[in-house]
Amino acid sequence: MKDSVLFLKKGREKSLLRRHPWIFSGAVDRVEGQPRCGETIRVNSHDGKFLAYGAYSPDSQLRARVWSFEQSETVGRDFFLNRIRRALNYREFLGYNAGDGACRLLAAEADGMPGVTADRYGDFLVVQISSAGAELFKNEIAGALMEATGCRGVYERSDLSARKKEGLEETVGLLAGEMPPESLFIIENGLRFKVDVYHGHKTGFYLDQKENRRVVRELSAGRRVLNCFSYTGTFGVCALKGGAAHVTNVDSSRPALETAEENYKLNGLPESAYDNIEGDVFEYLRHCRESGEFFDMVILDPPKFIDSKNALMRGCRAYKDIALLAFRLLKSGGILVNFSCSGLMERALFQKITADAALDAGREALIVRELTQAPDHPVPLSFPEGLYLKGFVSRVL
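Procedures and definitions
- Residues numbered from 1 in each chain as written.
- Predicted model: local features only at pLDDT ≥ 70, side-chain atom pairs only at ≥ 80, totals over all residues.
- Heavy atoms only, no water.
- Helix = DSSP H or I, 4+ residues; strand = E, 2+ residues; numbered from the N terminus.
- Rg over C-alpha atoms; globule rule 2.2 N^0.38 Å.
- Buried < 20%, exposed > 50% of the residue type's maximum accessible area, 1.4 Å probe, protein only.
- Contact = heavy atoms within 4.5 Å.
- Areas by Shrake-Rupley, 256 points an atom, 1.4 Å probe, with all protein chains shown as cover.
- Lys, Arg positive; Asp, Glu negative; His and termini not counted.
- Charge placed at Lys NZ, Arg CZ, Asp CG, Glu CD.
- Pairing = 2+ DSSP bridges.
- Axes fitted to C-alpha atoms, helices over the stretch in contact; angles between N-to-C directions.
- 1 Å grid on protein atoms, 1.4 Å probe; cavity = no way out; pocket = protein on both sides within 12 Å on 5 of 7 lines; lining within 4 Å.
- Points joined across faces, edges and corners; volume = space filled by probe spheres on them.
- Nonpolar A, V, L, I, M, F, W, Y, C, P; charged D, E, K, R; others polar.
- Polar contact = N/O pair within 3.5 Å; in protein donor to acceptor, adjacent residues only side chain to side chain.
- Salt bridge = Lys/Arg side-chain N within 4 Å of Asp/Glu carboxyl O.

**A few points about the overall build of the protein chain**
Here comes step 1: When its secondary structure is counted, the protein chain shows 10 helices and 20 strands.
Here comes step 2: Taking 21 Å as the expected radius of gyration for a compact globule of 397 residues, we find that the protein chain reaches 22 Å, a close match to that expectation.
Here comes step 3: Its C-alpha atoms put the protein chain at 70 × 45 × 35 Å along the principal axes.
Here comes step 4: Across the 397 residues in the protein chain, those meeting the buried criterion constitute 57%.
Here comes step 5: Taking as baseline every contact in the protein chain between residues at least 6 positions apart, the subset at least 24 positions apart corresponds to 63%.
Here comes step 6: Summed over its atoms, the accessible surface of the protein chain is roughly 17200 Å², and 48% of this surface lies on carbon and sulfur atoms.
Here comes step 7: Taking the average location of the 53 positive side-chain charges in the protein chain and that of its 53 negative ones, the two points are 5 Å from each other.

Right, dumping it as structure tokens:
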């Protein structure tokens, strides 16, 4: 396992000495040996000093992802079991590991498990494998997850376009234990939600918005709310439970809106309290503007508009366009809650985009709160790229 060695170019070891887990192709001087895709290799500085053990990926710009910075460690079943137990301990510290609840149990690099995302829904785990190294070890990882958690089953949802960058095909299916039921139900902040692990986005639910849904609930009393890119309606449920006068959900997915209907019923909310609109959000916002419709709160939680550096400018325009349209629909005293889940979007740039949108809409607004991902999606001090979700609560003057 440790016969192959990757040598860095002179002076390119600084990020690894600071425990950053990525090694880009441009930092590689040479590779000695013939490592397989995903194989664990030793990473040395230019002068031969040990730096880390990493998973080798010859087809990716990320040529290696670090498993361990400790020379005494061996990457295998016991290694994964220890990492998973450490991650479990952290979630228990947060109080996020209740039996009928849900949490992100493994957050890839943030938990020392690059390329492995694992979400817990009650007695079942849903994992996504996005790196060559994790793919090579995924059966060992699944077994370690079963042992550490005592869960009933581990189901894989690696239907990710990102796998192509690692030379991997998309794949789904059972990895260990029992198949999860068609529908799972979880409790979050006292509310009940349905999770479709087979067909839903990601692993079936956006766990990273847990604390932000609580914020929306706190700010919604008496407000008429427009929930854009609503997916399964969770922000809308929280708004109504917080006393909102009415919620309009808009999403392009009919199945997602059907699940939203179920979520409203699960929480005892009357049909008169909400509308579910199937359609393009940009077009709906323009329609509201043209028809003179106004709201007291607009929530913008769009999909990732920026998935590469080449898409940065186009994505920035999209974020600004929807914020501009939303500001024009808000009454005085109204609230905009807008997010970017694009890792390449920096917080300062997202604030500037939001500010420019307000200026072009002829509105003045104050930042009430800054929002980010829930703490079960941790951000190591040495890996700032782990902070991907940015959001603002802004109040129009």
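**Let's talk about the environment of Phe69**
Here comes step 1: Here Phe69 lies in the loop between strand E6 (62-68) and helix H2 (77-94).
Here comes step 2: As for Phe69 and Arg42, which are separated by 27 residues in sequence, their C-alpha atoms are 10.0 Å apart.
Here comes step 3: Sequence-distant contacts of Phe69, that is, excluding residues within four places in its chain, are made with Leu16, Arg19, His20, Pro21, Phe50, Leu51 and Ala52.

**What about the environment of Ser230?**
Here comes step 1: Note on placement: Ser230 falls in the loop between strand E14 (224-228) and helix H6 (234-241).
Here comes step 2: Exposure remark for Ser230: the relative accessible area of 5% places this residue in the buried category.
Here comes step 3: Measuring from C-alpha to C-alpha, the distance between Ser230 and Thr248 comes to 9.0 Å, with 18 residues separating the pair along the chain.
Here comes step 4: For Ser230, the residues in contact, after removing those within four places along its chain, are Asn249, Val250, Asp251 and Leu257.

**With respect to the sheet that holds strand E9 (residues 124-129)**
Here comes step 1: Read from one edge of the open sheet, five strands run E7-E8-E9-E10-E11, paired in mixed fashion. The sheet is open, and its two edges are formed by strand E7 (102-107) and strand E11 (171-177), each paired on a single side. Adjacent strand axes in the sheet meet at a mean angle of 20° when their direction is disregarded.
Here comes step 2: Relative to E11, strand E10 (residues 153-158) runs antiparallel, the two being bridged by six bridges. Note that in E11 the partner of Glu156 across the bridge is Gly173.
Here comes step 3: Running over the sheet, H2 touches E7 and strand E8 (116-121) and is turned about 140° from E7.
Here comes step 4: Seen against the sheet, helix H4 (residues 138-149) touches E7, E8, E9, E10 and E11 and runs at an angle of roughly 45° to E11.

**Some thoughts on empty space enclosed by the protein**
Here comes step 1: This structure, assessed with the given rule, holds one cavity of 30 Å³ or more.
Here comes step 2: Lining the largest cavity, in full, are Leu300, Tyr319, Ile322, Ala323, Asn338, Phe339 and Phe350.
Here comes step 3: Here the lining of the largest cavity gets three residues from one element, more than from any other, and that element is helix H9 (residues 312-329).
Here comes step 4: Classifying every residue of the lining of the largest cavity by side-chain character gives six nonpolar, one polar and no charged.

**Quick notes on the layout of surface pockets**
Here comes step 1: What the second largest pocket holds in volume is close to 400 Å³.
Here comes step 2: Lining the second largest pocket are 22 residues, and of these Arg86, Glu109, Ala110, Asp111 and Gly112 lie nearest its centre.
Here comes step 3: Listed by contribution, the elements that provide at least two residues to the lining of the second largest pocket are E6 and H2.
Here comes step 4: Per element, the largest residue contribution to the lining of the second largest pocket is five residues, and it comes from H2.
Here comes step 5: Residue classes in the lining of the second largest pocket are distributed as 11 nonpolar, three polar and eight charged.

**Notes on the side chain of Asn276**
Here comes step 1: Looking at where Asn276 falls in the secondary structure, it is placed in strand E16 (residues 274-278).
Here comes step 2: Classification of Asn276 as buried rests on a relative accessible area of 16%.
Here comes step 3: A distance of 2.8 Å separates a polar atom in the side chain of Asn276 from a polar atom in the side chain of Asn249.
Here comes step 4: Among the polar contacts made by the side chain of Asn276, one reaches the side chain of Glu261 at a distance of 3.2 Å.

**Regarding the pattern of salt bridges**
Here comes step 1: What the rule picks out here adds up to 26 salt bridges.
Here comes step 2: Lys194 serves as the salt-bridge partner of Glu262, at 2.8 Å between the closest nitrogen and oxygen. Residue Glu262 is found in helix H7 (residues 254-266), and its partner Lys194 is found in strand E13 (residues 191-195); the two are separated by 68 residues along the sequence.
Here comes step 3: Judged by relative accessible area, Glu262 falls into the partly exposed class, the value being 33%.
Here comes step 4: With relative accessibility at 12%, the residue Lys194 sits in the buried group.
Here comes step 5: A salt bridge links Arg369 to Glu218, with the shortest nitrogen-to-oxygen separation between them at 3.1 Å. With a gap of 151 residues between them, Arg369 in strand E19 (residues 365-372) and Glu218 in helix H5 (residues 210-219) connect regions that are remote in the sequence.
Here comes step 6: The partly exposed category is assigned to Glu218, whose relative accessible area is 48%.
Here comes step 7: Linked through salt bridges whose partners overlap, the residues forming this network are Glu135, Lys138, Glu156 and Arg163.

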